[in-house]
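A closer look at the structure
So you can see what is in the structure, the chains are spelled out below.
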Amino acid sequence: MNVLLSVIDPVAISIGPIKINWYGIIIALAMLIGISLATKEAQKLGLEEDTMVDMALWAIPIGFIGARLYYVLFKWDYYIQNPSEIIAIWNGGIAIYGGLIAGGLAVYWFARRKRMTLTLLLDILAPSVLLAQSIGRWGNFINQEAHGGPVTRQFLENLYLPEFIINQMNINGTYYHPTFLYESLWSLVGFALLLLLRNKNQFLRQGEVALSYVIWYSAGRFFIEGMRTDSLWIGDFLRVSQGLSLVLFVAAMGVLMYRRYYTYPPVPYYKDEPKLSKAAN
């Protein structure tokens, strides 16, 4: 057996005191790809070319702030003793759910401000966000974080993983579950399914692509989070992300059923001549 022990240097570019990490490059790339795909879909539906970029200029920084505050909140015992560390995001510590919540609120505000249909805007964004999440998890891979519990090298080889992934999962002599990979693949499959659903115009109603995103992601995150070793906890009995995933899954399923079978008018995902300037739903 040929066992390589080399790992990937997290620093991609180093010029004097300036260092650019692979994590930042991967996250930036994920955002650019997501914005590009959302822009193409928005243009197809009649939105102006710069609409999605304008929205991203609000949603992305607000999302990062939310991701950091979410993490700090659930690590408050540490940060109350080390307040200077609250802004030290370069030392790690962001939570994707916090980013999604804060970013979602920014999108809601943007839709209201631009008098756009919120449900359709969310449907445009949902697949792109899921693809960006899939790509972004590889930043965790480079940093050797967001992994699961210990496993054997044989276990990883039995998954038919390439050597570079197996090597990167060797942290201080112990191999770990590549939960970053599980979530990345889950999100990638979800991205493809959302595109398929969205193209079935007669099948879906406005808002249901976004609801499907919440259902898909929260279901996968619930199980994958249970394998991780770096979870945020409420006390010693509940992983924060598992609890939130369960709440979101049940809530999204409930909203989907309620809107489809009881009160919501059967507005398709888009019409031949979309009217996106109406007040947000």
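Cut-offs applied
- Residues numbered from 1 in each chain as written.
- Predicted model: local features only at pLDDT ≥ 70, side-chain atom pairs only at ≥ 80, totals over all residues.
- Heavy atoms only, no water.
- UniProt positions renumbered as here; feature names shortened; annotations may be inferred.
- Helix = DSSP H or I, 4+ residues; strand = E, 2+ residues; numbered from the N terminus.
- Contact = heavy atoms within 4.5 Å.
- Pairing = 2+ DSSP bridges.
- Expected span 1.5 Å × (residues − 1).
- Bend = angle between axes of the 7 residues up to and from the residue.
- Buried < 20%, exposed > 50% of the residue type's maximum accessible area, 1.4 Å probe, protein only.
- Polar contact = N/O pair within 3.5 Å; in protein donor to acceptor, adjacent residues only side chain to side chain.
- Axes fitted to C-alpha atoms, helices over the stretch in contact; angles between N-to-C directions.
- Left-handed = near helix turned anticlockwise from the far one by under 90°.

You'll find the protein entered in an unreviewed UniProt entry as Phosphatidylglycerol--prolipoprotein diacylglyceryl transferase, with Alkalibacterium subtropicum given as the organism. What UniProt records for the protein under Subcellular location (unreviewed entry) is the sentence "Cell membrane". What UniProt records for the protein under Pathway (unreviewed entry) is the sentence "Protein modification; lipoprotein biosynthesis (diacylglyceryl transfer)."

**Regarding the UniProt feature "binding site: a 1,2-diacyl-sn-glycero-3-phospho-(1'-sn-glycerol)" (unreviewed entry) in the protein**
The positions that UniProt labels "binding site: a 1,2-diacyl-sn-glycero-3-phospho-(1'-sn-glycerol)" (unreviewed entry) are, in the present scheme, Arg137. Looking at where arginine 137 falls in the secondary structure, it is placed in helix 5 (residues 118-143). With near-sequence residues (within four places) excluded, arginine 137 lies in contact with Ile96, Ala146, Phe180, Glu183, Ser184, Tyr217, Arg221 and Arg228.

**Concerning the UniProt feature "transmembrane region" (unreviewed entry) in the protein**
Sites flagged by UniProt as "transmembrane region" (unreviewed entry) map to residues 20-39, 51-74, 86-111, 179-197 and 240-258. Across residues 51-74, helical content stands at 96% and strand content at 0%; the span's end C-alpha atoms are separated by 34 Å.

**Structural notes on the pairing of strand 2 (residues 18-21)**
Relative to strand 2, strand 1 (residues 11-15) runs antiparallel, the two sharing 4 bridges. Across the sheet, the residue bridging to isoleucine 15 is isoleucine 18, located in strand 2. Hairpin connection of strand 1 to strand 2: 2 residues between the antiparallel strands, including glycine 16 at a positive phi of 60 degrees.

**So, the sheet that holds strand 4 (residues 170-171)**
Within a sheet, adjacent strands bond to each other through the backbone by hydrogen bonds, running parallel or antiparallel. Pairing is antiparallel in the open sheet, where 3 strands are placed in the order 3-5-4. Of all strands in the sheet, those bounded by a partner on one side alone are strand 3 (150-151) and strand 4. In the sheet, strand 4 pairs with strand 5 (residues 174-176) via 2 bridges, with the strands oriented antiparallel. Residue pairing for strand 5: isoleucine 171 is matched across the bridge by threonine 174.

**Quick word on the environment of histidine 147**
Here histidine 147 lies in the loop between helix 5 and strand 3. A sequence separation of 86 residues divides histidine 147 from proline 61, and the C-alpha atoms of the two residues are 26 Å apart.

**Description of helix 5**
Taking 1.5 Å per residue as the helical rise, helix 5 with its 26 residues ought to reach 38 Å, and the 36 Å between its terminal C-alpha atoms agrees with that figure. The axis of helix 5 is deflected most strongly, by about 30 degrees, at leucine 125, and proline proline 127 appears within four residues downstream. Of all 26 residues in helix 5, 22 are buried, a share of seventy percent or more. Glutamine 144 lies just past helix 5 and shows a positive phi near 55 degrees.

**Considerations on unusual backbone geometry**
Backbone geometry places arginine 115, a non-glycine residue, at a positive phi of 55 degrees. For arginine 115, the location among the structural elements is in the loop between helix 4 (96-114) and helix 5. Classification of arginine 115 by relative accessible area gives exposed; the value is 52%. One non-glycine residue, asparagine 172, adopts positive backbone phi at about 55 degrees. Residue classification places asparagine 172 among the exposed residues on the basis of a relative accessible area of 81%.

**What about the side chain of asparagine 170?**
Mapping asparagine 170 onto the fold places it in strand 4. Note on asparagine 170: relative accessible area 13%, which makes it buried. Here the side chain of asparagine 170 touches glycine 173 through a polar contact of 3.1 Å, landing on its backbone nitrogen. A distance of 3.3 Å separates a polar atom in the side chain of asparagine 170 from a polar atom in the side chain of tyrosine 175.

**Some thoughts on the packing of helix 1 (residues 22-44) against helix 2 (residues 51-73)**
Axis angle and axis distance: for two packed helices, these are the angle between their axes and the distance between the axes, and together they describe the pair. In contact at an axis separation of 10 Å, helix 1 and helix 2 are set at 145 degrees when each is read in the N-to-C sense. Handedness of the crossing formed by helix 1 with helix 2: right-handed. On the side of helix 1, the interface is formed by Ile27, Met31, Ile35, Ala38, Thr39 and Ala42, while helix 2 contributes Met52, Val53, Ala56, Ile60 and Phe64.

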